[in-house]
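# Architecture at a glance
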Amino acid sequence: MIPFSILDLSPIAEGHTISEALDATRRMAIKAEDCGYNRFWLAEHHGMPGIASAATSLVIAHVGAATKRIRIGSGGIMLPNHSPLVIAEQFGTLEALYPGRVDLGLGRAPGTDMRTARALRRNMEAGTESFPHDIIELRRLLGEPAEDQSLIAVPGMGSHVPLWLLGSSLYSAHLAAALGLPYAFASHFAPDQLLEAIAIYRERFQPSAELDKPYVMVGVMGVAAETDAQAEHLFTSSQQQFVNLRRNRRTPFPRPVETMEGVWTDVERYGVEHSLRYAVVGAAATAKDKLAEFLKATTADELIISMPVHSVEARLQSVEIFAGLRQ
């Protein structure tokens, strides 16, 4: 039995408001805690009408205030968009508010289109090239300050917020191993290098002050419902969203449709189904078999599930069904 966690993007469902999206995230976090999930993480994305978690640290605080035990954090903060000092202050503040519950997952991608990324980063080259150095600086700012350390994060210093490295490539596997950090692979949308990345990370892992042996989290898209047909119907929202991303159409998170025929082309269908090939969609029995096969292949230490479902009530039901499968 491994821990199950949840990755949420605070989807802004078609026909609903940002306030309603953030309230749905709050309700989902409470449900996740009641059902025994290990973590509830939020992801940083920008300029997307279907995602309300752009100010990720604020949404994490919103979730923290609504819960008592479940770990909360980022999956992830896109570090090249920010200075390490700012992130150290933000997560040091979160740790002070919710002691012992905060995780800081870090990614290298912009989490948006290139125009928005330029507006966020200003200097695109410096952001990506300095990523490993920024992680080391952030680790130092969250640790105990040295006697001669002139730059300190307040809040932040001495908080020891756990760092995670997130990724979807072999680069992230090498970096997580070299830094001795826990590693979360984004197999819920980028499946191609999953098994190779895990193997590299485990083989090359260097123990650190934070972690003495490799720790792998893997992600899946998940929709569970009373029947396979109901789950497949709800999953058409995610399929539409992926088609819209490929067409560069920015829309709220779509309502489900009866069929995807006529919504996507054959080429788009192949691309979306390839990206989402590890998705776990179905009734409890179907989802159980798919999860067992996936976890056997990865031998992961933890599973994180993204459950983008248009209806918040159906989303909460999916949270409950997946929690039951953990047994």
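Everything that follows concerns the structure shown earlier in this document.
Computed from a predicted model, the values in this text were never measured in an experiment. Here the residue numbering is sequential within each chain, running from 1 through the sequence in written order. Residues qualify for local features only when their pLDDT is at least 70, as the model is predicted, and side-chain atom pairs are given and counted only at 80 or more; totals for whole chains, interfaces and linings, by contrast, use all residues. Based on all heavy atoms of the structure, the side-chain values leave hydrogens and waters out of the count.

Next up on the list: the side chain of R101. Examined against the element boundaries, R101 turns out to sit in the loop between α3 (84-97) and β4 (102-107). Relative accessible area decides the class of each residue, using a 1.4 Å probe on protein chains only: under 20% of the type maximum gives buried, over 50% gives exposed, and in between gives partly exposed. Residues scored as charged are limited to Lys and Arg (positive) and Asp and Glu (negative), so that His and the chain ends carry no count. Counted as salt bridges are all cases of a side-chain nitrogen of Lys or Arg within 4 Å of a carboxyl oxygen of Asp or Glu. Although R101 is buried, it forms no salt bridge, and the closest oppositely charged side chain is E33 at an N-O distance of 4.4 Å. Here a polar contact is taken to be a pair of N or O atoms separated by no more than 3.5 Å, where protein atoms must pair a possible hydrogen donor with a possible acceptor and residues adjacent in sequence count only if both atoms sit in side chains. At 2.4 Å, the side chain of R101 and the side chain of T67 are in polar contact. Helix and strand definitions here come from DSSP, where helices need a minimum of 4 consecutive H or I residues and strands a minimum of 2 consecutive E residues; each element is numbered from the N-terminal end.

Taken as a whole and assessed by the stated rule, the structure comprises 12 salt bridges. Between D23 and R26 there is a salt bridge; the shortest N-O distance is 2.7 Å. Here R26 and D23 lie together in helix α1 (residues 18-34), a separation of three residues that amounts to about one turn. D103 is paired through a salt bridge with R39; the nearest N and O atoms lie 2.9 Å apart. Remark: R39 occurs in strand β2 (residues 39-42) and D103 occurs in strand β4; sequence separation between them is 64 residues. The pair formed by D103 and R39 is uniform in burial state, with each residue classed as buried.

Now for the packing of helix α6 (residues 131-142) against helix α7 (residues 170-179). Axis definition: a line fitted to C-alpha atoms, limited for helices to the stretch in contact. Angles are taken between N-to-C directions and run from 0 to 180 degrees. Look at α6 against α7: their axes get within 12 Å of each other, and the N-to-C directions meet at 35°. Viewed along their axes, α6 and α7 form a crossing whose handedness is right-handed. Here F131, P132, I135, I136 and R139 of α6 lie close against α7, whose contacting residues are Y171, L175 and L179. Broken down by class, the residue content of the contact of α6 with α7 amounts to seven nonpolar, no polar and one charged. Note: crossing handedness is left-handed where the near helix turns anticlockwise from the far helix by less than a right angle, and right-handed where it turns clockwise. Here, residues are in contact when the closest pair of their heavy atoms is within 4.5 Å. Gly is placed with the polar residues, together with every amino acid not listed as nonpolar (Ala, Val, Leu, Ile, Met, Phe, Trp, Tyr, Cys and Pro) or charged (Asp, Glu, Lys and Arg).

Walk down a regular strand and you will see the side chains alternate between the two sheet faces. Of all nine residues that make up strand β7 (residues 216-224), nine are buried, and the element is covered over most of its length. Covered by surrounding structure in β7 are V216, V218, V220, G222 and A224 together with M217, G219, M221 and V223, the residues of both alternating faces. In this scheme, strands are said to pair when DSSP sees at least two bridges between them. Judged from the three bridges that link them, strand β6 (residues 183-185) and β7 form a sheet pairing that is parallel. From the neighbouring strand, Y183 faces β7, where its bridge partner is V216. Two elements, β7 and strand β9 (residues 302-306), share five bridges in a ladder whose sense is parallel. Within the sheet, the bridge partner assigned to M217 lies in β9 and is E302.

Turning our eyes to something else, we now look at the packing of α1 against helix α2 (residues 56-66). Geometry of a packed helix pair, given as the angle between the helix axes and the separation of the axes. Where α1 contacts α2, the two axes come as close as 9 Å, and the packing angle between them is 45°. One way to sum up the angle between α1 and α2 is to call them oblique. Relative to α2, α1 is oriented so that their crossing is right-handed. Two secondary-structure elements touch here, α1 through L22, D23, T25, R26, A29 and I30 and α2 through V59, H62, V63 and A66. When its residues are assigned to classes, the contact of α1 with α2 shows six nonpolar, two polar and two charged. Between 65 and 115 degrees an angle is taken as roughly perpendicular, under 35 as roughly parallel, over 145 as roughly antiparallel, and anywhere else as oblique.

Now for α7. For α7, a buried count of seven out of 10 residues is recorded, marking the element as mostly surrounded by other parts of the structure. Along α7, the positions that sit buried rather than exposed are L170, S172, A173, L175, A176, A177 and L179. Tucked into the core, α7 has its buried residues touching α6, β5 (163-167), β6 and α8 (194-204). Between the side-chain oxygen of the N-cap and the backbone nitrogen of Y171 there are 3.4 Å, and the N-cap of α7 in question is S169. Two residues or fewer past α7, G180 is found with a positive phi of approximately 65°.

Right, let's talk about the packing of aromatic side chains for a bit. Two aromatic rings from Phe, Tyr or Trp, using only the six-membered ring of Trp, form a pair when their centres are within 6.5 Å; if the ring planes differ by under 30 degrees the pair is stacked, by over 60 it is edge-to-face, and anything between is tilted. Taken as a whole and assessed by the stated rule, the structure comprises six aromatic pairs. Relative to Y215, the ring of W164 has its centre 5.7 Å away and its plane inclined at 85°; by these criteria the two rings are edge-to-face. Placement of the pair is W164 in strand β5 and Y215 in the loop between α8 and β7, with a sequence separation of 51 residues. Classification of W164 as buried rests on a relative accessible area of 4%. The rings of Y183, F185, Y201 and F205 are connected pair by pair, giving a single aromatic cluster. Only lysine NZ and arginine CZ atoms are considered, and such an atom sits over a ring when it is within 6 Å of the ring centre and within 35 degrees of the ring normal. When the ring centre of Y171 is taken as reference, the NZ or CZ atom of R108 above it lies at 4.0 Å. Geometry around Y278 places R277 over its ring, the cationic atom sitting 5.3 Å from the centre.

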